[in-house]
Amino acid sequence: MSGGLSNPTSTLFIFCFFLIAISVQARPPFACDPRDRATKNFPFCQTNLAIGDRVRDLVGRLTLQEKVKLLGNTAAAVPRLGIKGYEWWSEALHGVSNVGPGTKFGGDFPGATSFPQVITTAASFNASLWEEIGRVVSDEGRAMYNGDMGGLTYWSPNVNIFRDPRWGRGQETPGEDPVVAGIYAERYVRGLQGNEEGDRLKVAACCKHYTAYDLDNWSGVDRFHFNAKVSKQDMEDTFDVPFRSCVREGKVASVMCSYNQVNGIPTCADPELLRKTIRGGWGLNGYIVSDCDSVGVFYENQHYTSTPEEAAADAIQAGLDLDCGPFLAQHTETAVQSGILKEASIDTNLANTVAVQMRLGMFDGETSAQPYGNLGPRDVCSPAHQELALEAARQGIVLLKNHGPALPLSPRHHPTVAVIGPNSDVTVTMIGNYAGVACGYTSPLQGIAKYAKTIHQQGCGDVACSDDRLFPGAVDAARQADATVLVMGLDQSIEAEFRDRTGLLLPGFQQDLISQVSKASRGPVILVLMSGGPVDVTFAEKDPRIGGIVWVGYPGQAGGAAIADVLFGAHNPGGKLPMTWYPQEYLNNLPMTTMDMRANLAKGYPGRTYRFYKGPLVYPFGHGLSYTKFINTIAEAPNMLAIPIFGRHASNTTITTSKAIRVTHAKCSKLSIQVHIDVKNVGSKDGTQTLLVFSKPPIGLWAPHKQLVAFQKVHVPAGSLQRVAINIHVCKYLSVVDKAGVRRIPIGEHSLHIGDAKHSLSLQASVLGVIKS
């Protein structure tokens, strides 16, 4: 015998090569795969052509039967064109999730990095962190796609306004403020989609649920039957803001319409919302998708149309491109055949979905040769990604109370800690909803155990805390320990999708457990609250025996480590509440179904969110303490700014009796002010200050009490000072909306304030340099 076959190494090499060859041959080819000689020369496969030309070629080759099978989330294969089936539905709210059928875990991908729930991340008020999380999530999503375990179209983020504190899905949102929600949408989407040259996408994000969707199931009213009655003022001033930012600034590839009706029309059948606003007004470059089965919902539940074919036609003609569900695939062909829908309308909508797939590289052949083709299992749950999840949890934790101060705890002075409560040793609870399989967990008990010896008692069997049989063990633990940490709050059994809360108090006997343990504890008592929505803990705020209260939201896979780092001072908390914490009495005679944002005190209506509610609070929007003390000073800011008006609007009629200029009449492009703020850390610990800049406009009738116009974080070492420059776009952030839904810039004195620091800014109308008062 001769040659290398007698060499064991050579034999192994040939055997491995043979296995690889079999694997490659057995794997179905990608669309436009060079190995597929029948399809590789089609114009839609030519990457040197413009995407629009490629899309037209592909859609033009499809039969009507093939087209309708591409209208649902589970898009059918078109074998004669070399096109595989594709599952559009994947989720990435705060990490790659297995909620949608497009993503699965196992094999080389047993889990993915699970970041804190969005409401917790929002509390960081750190826009660069939001974008970095998006970048990491899309790295992991691309890696899973390359491993045939996921898709590239993620129906995230949720940027609805957290309007009512009872909403079970408020945890998924960036909170109640439209500016925060808009900036979150922009930055998270940028992180997910990448900053590719041209039109390329890393993954395709989706801002949902458009619009006025913030009720799931309350007092017999569910989202499938709810008609949200929204004024033009509230639509422009509140509900549209994050979606407009998502499309215009974030350049998102998709928007999802919601289940509910708005002013009598299902959102997924409303051409004013879809075709005119999202695509026409805001310039969506991408596709519009329905919430899952919502086309069927407006036919079967809302009885908006008489036949399913009419429902399919209405949705497509309104501008819906893709159905999450089978409804359009089942009824669109019949709609065309009956003459109520033109096939050309389907072509237009398919062009939007196919274009996104092409921007993702799904018609460019083998993925390994494409951007991100090298991402694989090593890029999922990497040490760097898990460290970012920990840092995000730290930054999102909010210190609500620190009497004494009781915090931080000290391993030397508190060597034994009683860890008590139904959430004291949880894992899955920490990642909230729309989560996947985490890389691993550190529970609060495990985190605290790294700093001190622990005595663990749950006190309640679960968060419902329906009996007090476990109380004695918890009380005894508190008597023995040097400090007591109570980890209480909520979980998905209390607040979740299709589960709105009935009240704001802690469930069951939780308050009794906290009070009994606090009386018995021989050391400081710290209350840690795990929840997505606000909780009325007025009793704990007023109880001097409870030295500290910390809100952690749902802090993600590393939540326990982050909680312990804050409790023991390894991290100085800098988070701020992204939503108002109301007392239970706020809900008296306040239906979730009333959509008005502004108060009507004559009718006993209190208004919603910090912008329009004036009344008793547990904690205000933006509240959050630190272990050090900061002093903010406005060092430099303009006292007056002239608003240039386009010549054709220069008459006095432009300036209304309410002294406000239409934004569309002003030259807005570069109209901004810069505020310089000195932040001095006069305490003994390094810390990060979260600067929240509010504006109080001069108009009182229909303007908010105040509104957030900018935010920024700055790290300041103990004893030092940092100067921060903040730009405020006048037309975007200092404008208000009148009752007709017209955005205007109020003329007169605007009061800017950052904490106790205040500055007065006078805005005046200017025509060719002439000031008009």
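Just so you know, the residues in each chain are numbered from 1, in the order the chain's sequence is written. Note on the predicted model: pLDDT of at least 70 is required for a residue's local features to be given, and 80 or more for side-chain atom pairs to be given and counted; whole-chain, interface and lining totals, by contrast, use all residues. Based on all heavy atoms of the structure, the side-chain values leave hydrogens and waters out of the count.

The protein chain carries the name Beta-D-xylosidase 2 in an unreviewed UniProt entry, which gives Nicotiana tabacum as its organism. What UniProt states about the protein chain under its Subcellular location (unreviewed entry) heading is, verbatim, "Secreted". UniProt positions are given in the numbering used here, feature names are shortened, and annotations may be inferred rather than shown by experiment.

What follows deals with the overall build of the protein chain. Scanning the protein chain from terminus to terminus reveals 21 helices and 28 strands. Each principal axis of the C-alpha atoms in the protein chain carries an extent, and together these give about 90 × 80 × 50 Å. A total of 773 residues make up the protein chain; the buried ones form 62% of that total. For the protein chain, the separation between the mean place of its 71 positive charges and that of its 70 negative charges on side chains is 7 Å. What counts as a helix is a DSSP run of H or I of at least four residues, what counts as a strand is a run of E of at least two, and both are numbered from the N terminus. Here's how the labels work: a residue is buried when its accessible area is under 20% of the maximum for its type, exposed when over 50%, partly exposed in between, all with a 1.4 Å probe on protein chains only. None of His or the chain ends enter the tally, which takes Lys and Arg as positive and Asp and Glu as negative. A charge is said to be at NZ when it belongs to Lys, at CZ for Arg, at CG for Asp and at CD for Glu.

This brings us to helix H12 (residues 327–337). Owing to its 3.6 residues per turn, the α-helix brings residues three or four apart onto one side. For H12, every residue scored as buried is listed here: Phe-327, Leu-328, His-331, Thr-332, Ala-335 and Val-336. Looking down the long axis of H12, one finds its buried residues gathered within 145 degrees of arc, a one-sided arrangement. Exposed side of H12, more than 90 degrees from the buried face: Gln-330 and Gln-337 are the residues found there. Note on contacts: a residue pair qualifies if any of its non-hydrogen atoms lie within 4.5 Å across the two residues. Buried residues along H12 sit against helix H3 (64–68), helix H10 (294–300), helix H11 (308–318) and helix H13 (343–359). Directly after H12, the chain includes Gly-339, whose backbone phi takes a positive value near 90 degrees. Note that the arc is defined by the directions from the helix axis to the C-beta atoms.

On to the nonpolar core, then. What makes a nonpolar core is a set of buried Ala, Val, Leu, Ile, Met, Phe, Trp, Tyr and Cys residues whose side-chain atoms join them at distances within 4.5 Å. In terms of nonpolar packing, the biggest core is built from 155 residues, with Trp-155, Phe-363 and Ile-728 touching the most fellow members. The leading source of residues in this core is helix H5 (residues 127–146), at nine residues. Apart from the residues within four sequence positions on either side, Ile-728 is in contact with Leu-671, Ser-672, Ile-673, Val-675, Val-693, Val-709, Ala-710, Tyr-733, Leu-734 and Leu-752. By size, the runner-up hydrophobic cluster in this structure holds 86 residues, among which are Phe-162, Phe-539, Ala-540 and Ala-558.

Moving on, we come to the sheet that holds strand S6 (residues 227–228). Two strands pair if DSSP finds at least two bridges between them. The strand order across the open sheet formed by three strands is S6-S8-S9, and the pairing between neighbours is mixed. Strand pairing shows two members of the sheet lacking a second neighbour, S6 and strand S9 (265–266), which therefore form its edges.

The subject of this paragraph is helix H17 (residues 510–520). Every buried residue of H17 is accounted for by Gln-510, Leu-513, Ile-514, Val-517, Ser-518 and Ala-520. The buried residues of H17 occupy an angular sector of 165 degrees when the element is viewed end-on, so they sit on one face. Its buried side turned inward, H17 meets strand S12 (416–420), helix H16 (471–480), strand S14 (483–489), strand S15 (525–530), helix H18 (538–542) and strand S16 (546–551).

In this chain, Ser-156 is followed by Pro-157 through a cis amide linkage whose omega measures 10 degrees. Within the secondary structure, Pro-157 is located in the loop between H5 and helix H6 (178–193). The residue after Leu-407, namely Pro-408, is reached through a cis peptide bond having omega 0 degrees. Residue placement: Pro-408 occurs in the loop between strand S11 (398–402) and S12. At Asn-263, a residue that is not glycine, the phi angle is positive and equals roughly 55 degrees. Along the chain, Asn-263 falls in the loop between strand S8 (261–262) and S9. Unusually for a residue other than glycine, Cys-381 sits at a positive phi of about 60 degrees. As for its position among the elements, Cys-381 is in the loop between H13 and helix H14 (383–396).

Looking now at the state of the cysteines. In a disulfide, the sulfur atoms of two cysteines are covalently bonded to one another. Defined by distance alone, a disulfide is two cysteine sulfur atoms within 2.5 Å. This structure, assessed with the given rule, holds seven disulfides. The disulfide bridge from Cys-207 ends at Cys-246, spanning 1.9 Å between sulfur atoms. Classification of the bridge connecting Cys-207 and Cys-246 rests on its S-S torsion, roughly 85 degrees, and on that basis the disulfide is right-handed. Of this pair, Cys-207 sits in strand S3 (residues 207–210) while Cys-246 sits in helix H8 (residues 241–248), and the two are 39 residues apart along the sequence. A residue is classified by how much of its surface remains accessible, and Cys-207, at 0% relative accessible area, is buried. Across the disulfide, Cys-292 is cross-linked to Cys-324 (sulfur-sulfur distance 2.0 Å).

The mixed open sheet is built from six strands, whose spatial order is S11-S16-S15-S14-S12-S13. The sheet is open, and its two borders are formed by S11 and strand S13 (453–457), each paired with just one other strand. Neighbour-to-neighbour, the strand axes of the sheet open up by a mean angle of 20 degrees, direction not taken into account. Sheet topology places S15 next to S16; five bridges connect them, and they run parallel. From the neighbouring strand, Val-528 faces S16, where its bridge partner is Val-550. Angular values range over 0 to 180 degrees, each being the angle between N-to-C directions of two axes fitted as lines to C-alpha atoms, with helices fitted over their stretch in contact. Sheet contacts for helix H19 (residues 559–567): S14, S15 and S16; angle to S15, the most-contacted strand, approximately 145 degrees.

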